[in-house]
Amino acid sequence: MDFSYTPEQEAFRMQVRRWLAENLPPELRIDDPVDDWVPASREIFERRRAWQAKMYAAGWVGIGWPKEYGGRGAGLLEQVIFNEEYGRARAPILPGYSGISMCGPTIAQWGSDEQRRRFLKRILSGEDIWCQGYSEPAAGSDLAAVQTRAEDKGDYFVLNGQKVWTSAAQYADWMYLLARTEPGAPRHLGISYLLLDMRSKGVEVRPLVTAAGHAHFNQVFFEDVEVPKENLVGPANQGWKVAMTTLSYERGASGGGYDSQIHGLVDLAHRHQIDGRPAWEHDWVRQRIAHLAIESRAAKYTRLRSLTRQLKGQPPGPEGSMLKLFGTELGVRIAFFAAEMLGPYAQLAQPMPALADAPRWQNRVINSRQYTIAGGTSEIQRNIIGERTLKLPR
Ligand SMILES: Cc1cc2nc3c(=O)[nH]c(=O)nc-3n(C[C@H](O)[C@H](O)[C@H](O)COP(=O)(O)OP(=O)(O)OC[C@H]3O[C@@H](n4cnc5c(N)ncnc54)[C@H](O)[C@@H]3O)c2cc1C
């Protein structure tokens, strides 16, 4: 691995940093973007959508996408630099995240020319916000068990069924979903990948509130919803392959950087008192933070190893599942250590004179667990590593 950047890459970094410093409104900055992934209100959502539109106009959304689809055609390292700077500026996760990172690249790979023309630029600009309709009450880890049906009626399908845990469906204009189009076929066959206009007649969105009191995700019901045939992506009944493309982008994007959370812990340890002196002055606190910092560094180098592999044009290794598993569980360890340090203060949902950012830590503790479930649980990642990488028996 070569850790140095070329002068051109450093210049690019400064260009990104300057643009964000000059354009990101202070009220949109956020300490822990992953804890506030889905906006808490329509008002915040609209502000973030406007921010995405502004970034798009300046050429900063989907920078890795080809220019013909509205991207910047930037290389892998530029994307990494951009993401580092975006996190450093404490910018929010874009509301169009699911379209930009998952559905868009899938349409680019599997969609027709007409679908690419119709959807891709609007995904980047934030004109269309997308949500992911994969999971159902009896189909999560076992996704091939989807029961939602799409009956072929010639020019259109008729959709009936239910999705669950659909993040941000309450704000979405479109959903990419899996539905069974050939009921008698073997499980992984007979599924199709459809694009659904959320304003269609017969679509009902019911928010679900998490333990943090936030409607992050939803149940979505379909009753005789008509989906035009032109919204089928890839061949009919071959949607499983298309869905796997989307999932590979989802896992590749997870397991983000933890250095900023470690800095947050260090800062907290200097401000918070245990037994009448700053937590930082206790050996056990420094040792535990050092341990977490080492784990965070190990995750970072694993990600860089994966990047090196991609830059050399080699096929993806097992790092995707390793980073998803290790990174999200490290997030839980960091949050739980903060709770251990804070003791009863970790339960505060309101700022206190002694701890102005109490709600932030409470939010972390409650929210960190969800990322070990979303996008494939820790157990499923362990199965993948065990069976595909270590070649252990099923
Ligand atoms: C914050 C959040 C956001 C989400 N957003 C979306 C979204 O936008 N769109 C969407 O479609 N879905 C979304 N999901 C759903 C997510 O993909 C599923 O929750 C996940 O795949 C697990 O499925 P499940 O909840 O049905 O649990 P199950 O699959 O029922 O699993 C229950 C438990 O059994 C374990 N288990 C299951 N199978 C095995 C096995 N073979 N070996 C060992 N252990 C096993 C699991 O690890 C888990 O602990 C979201 C989930 C969360 C938490």
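Reading guide: rules and limits
- Residues numbered from 1 in each chain as written.
- Predicted model: local features only at pLDDT ≥ 70, side-chain atom pairs only at ≥ 80, totals over all residues.
- Helix = DSSP H or I, 4+ residues; strand = E, 2+ residues; numbered from the N terminus.
- Rg over C-alpha atoms; globule rule 2.2 N^0.38 Å.
- Buried ≥ 20, exposed ≤ 12 C-beta atoms within 10 Å, placed from the backbone.
- Domains from an automatic or database assignment.
- Contact = placed C-beta atoms within 7 Å.
- Nonpolar A, V, L, I, M, F, W, Y, C, P; charged D, E, K, R; others polar.
- Axes fitted to C-alpha atoms, helices over the stretch in contact; angles between N-to-C directions.
- Parallel < 35°, antiparallel > 145°, perpendicular 65-115°, else oblique.
- Left-handed = near helix turned anticlockwise from the far one by under 90°.
- Near = placed C-beta within 6 Å.
- Pairing = 2+ DSSP bridges.
- Core = buried A, V, L, I, M, F, W, Y, C linked by C-beta atoms within 7 Å.
- Expected span 1.5 Å × (residues − 1).
- Arc of directions from axis to C-beta.

1. Some thoughts on the overall build of the protein
Logical step 1: Tallying secondary structure elements over the protein gives 11 helices and 10 strands in all.
Logical step 2: Whereas a compact globule of 394 residues would reach a radius of gyration of roughly 21 Å, the protein reaches 22 Å, a difference of no more than 12%.
Logical step 3: Across its three principal axes, the protein shows a C-alpha extent of roughly 75 × 50 × 45 Å.
Logical step 4: Evaluated residue by residue, the protein yields a buried proportion of 34% over its 394 residues.

2. Quick notes on the domain arrangement of the protein
Logical step 1: We note that the domain assignment places domain 1 (7-95), domain 2 (130-237) and domain 3 (254-389) within the protein.
Logical step 2: The straight-line distance from the C-alpha centre of domain 1 to that of domain 3 is 23 Å.
Logical step 3: Between domain 1 and domain 3, the contact holds seven residues from the first and 10 residues from the second.
Logical step 4: Classifying every residue of the side of domain 1 that touches domain 3 by side-chain character gives three nonpolar, one polar and three charged.

3. Some points on the packing of helix H4 (residues 97-110) against helix H5 (residues 113-125)
Logical step 1: At a closest axis distance of 10 Å, the pairing of H4 and H5 adopts a crossing angle of 165°. Our classification of the angle between H4 and H5 gives roughly antiparallel. Every pair of crossing elements has a handedness; the one defined by H4 and H5 is left-handed. For the pair H4 and H5, contact is made by Gly99, Ile100, Gly104, Ile107 and Ala108 and by Gln115, Arg116, Phe119, Leu120, Ile123 and Leu124, respectively.
Logical step 2: In terms of residue class, the contact of H4 with H5 is built from seven nonpolar, three polar and one charged.

4. Considerations on the site of the ligand
Logical step 1: The full set close to the ligand counts 20 residues, and Tyr134, Gly140, Ser141, Thr377 and Glu379 are the nearest of them.
Logical step 2: Among the secondary structure elements, those contributing two or more residues to the shell around the ligand are strand E1 (130-133) and helix H11 (378-389).
Logical step 3: Grouping the constituent residues of the shell around the ligand by class yields seven nonpolar, 12 polar and one charged.
Logical step 4: Looking at which domains feed residues into the shell around the ligand, each of domain 2 (130-237) and domain 3 (254-389) gives three or more.

5. Focus: unusual backbone geometry
Logical step 1: Backbone geometry places arginine 90, a non-glycine residue, at a positive phi of 60°.
Logical step 2: By the element assignment, arginine 90 lies in the loop between helix H3 (76-88) and H4.
Logical step 3: Take arginine 90: there are 16 C-beta atoms within 10 Å of it, and that puts it in the partly exposed class.
Logical step 4: Positive phi values are uncommon outside glycine, yet aspartate 275 reaches one of about 50°.
Logical step 5: Mapping aspartate 275 onto the fold places it in the loop between strand E9 (273-274) and strand E10 (277-278).
Logical step 6: C-beta crowding within 10 Å serves as the criterion here: with 7 such atoms nearby, aspartate 275 is assigned to the exposed category.

6. Overview of the packing of helix H7 (residues 259-271) against helix H8 (residues 283-311)
Logical step 1: Two elements in contact, H7 and H8, have axes separated by 10 Å at closest approach and are oriented at 170°. Between H7 and H8, the crossing angle belongs to the class labelled roughly antiparallel. The segment H7 lies against H8, with Asp259, Ile262, Leu265, Val266 and Ala269 engaging Val285, Ile289, Leu292, Ala293 and Ser296.

7. Some words on the pairing of strand E5 (residues 191-197)
Regular strands show a simple pattern: their side chains alternate between the two faces of the sheet.
Logical step 1: Of all seven residues that make up E5, six are buried, and the element is covered over most of its length.
Logical step 2: In the sheet, strand E4 (residues 174-180) pairs with E5 via seven bridges, with the strands oriented antiparallel. Its bridge partner being in E5, leucine 178 is matched across the sheet by tyrosine 193.
Logical step 3: Examined bridge by bridge, E5 and strand E8 (residues 232-233) share two bridges and lie antiparallel to one another. Within E8, the residue paired with tyrosine 193 across the bridge is valine 233.

8. Points about the environment of proline 318
Logical step 1: Its place among the elements puts proline 318 in the loop between H8 and helix H9 (319-342).
Logical step 2: Overall, the presence of 15 C-beta atoms within 10 Å leaves proline 318 in the partly exposed class.
Logical step 3: A sequence separation of 72 residues divides proline 318 from leucine 390, and the C-alpha atoms of the two residues are 9.8 Å apart.
Logical step 4: Those residues in contact with proline 318 that sit more than four places away from it in its chain are Ile385 and Thr389.

9. Side note on the nonpolar core
Logical step 1: Counting residues in each nonpolar core, the largest one holds 53 residues, and the members touching the most others are Trp130, Ala172, Met175, Leu178, Leu194 and Leu196.
Logical step 2: If you tally residues by element for this core, the top one is E4, at six residues.
Logical step 3: Residue-level mapping places this core at the junction of two domains, with at least three residues from each of domain 1 (7-95) and domain 2 (130-237).
Logical step 4: When near neighbours in sequence (up to four residues on either side) are disregarded, leucine 194 contacts Ala150, Phe157, Leu177, Ala179, Val227, Asn231 and Leu232.
Logical step 5: Counting residues in each nonpolar core, the second largest holds 20 residues, with Ala279, Ala338, Leu342 and Val365 among its members.

10. Digging into helix H2 (residues 42-57)
Logical step 1: Here H2 is 16 residues long and its end C-alpha atoms lie 22 Å apart, about the 22 Å a rise of 1.5 Å per residue gives.
Logical step 2: For H2, the full list of buried residues reads Arg48, Gln52, Met55 and Tyr56. End-on view of H2: buried residues confined to an arc of 100°, all on one side of the axis. Facing away from the buried side of H2, by more than 90 degrees, are the exposed residues Arg42, Glu43 and Ala57.
Logical step 3: Trailing H2 by a residue or two, glycine 59 shows a phi angle of about 85°, which is positive.

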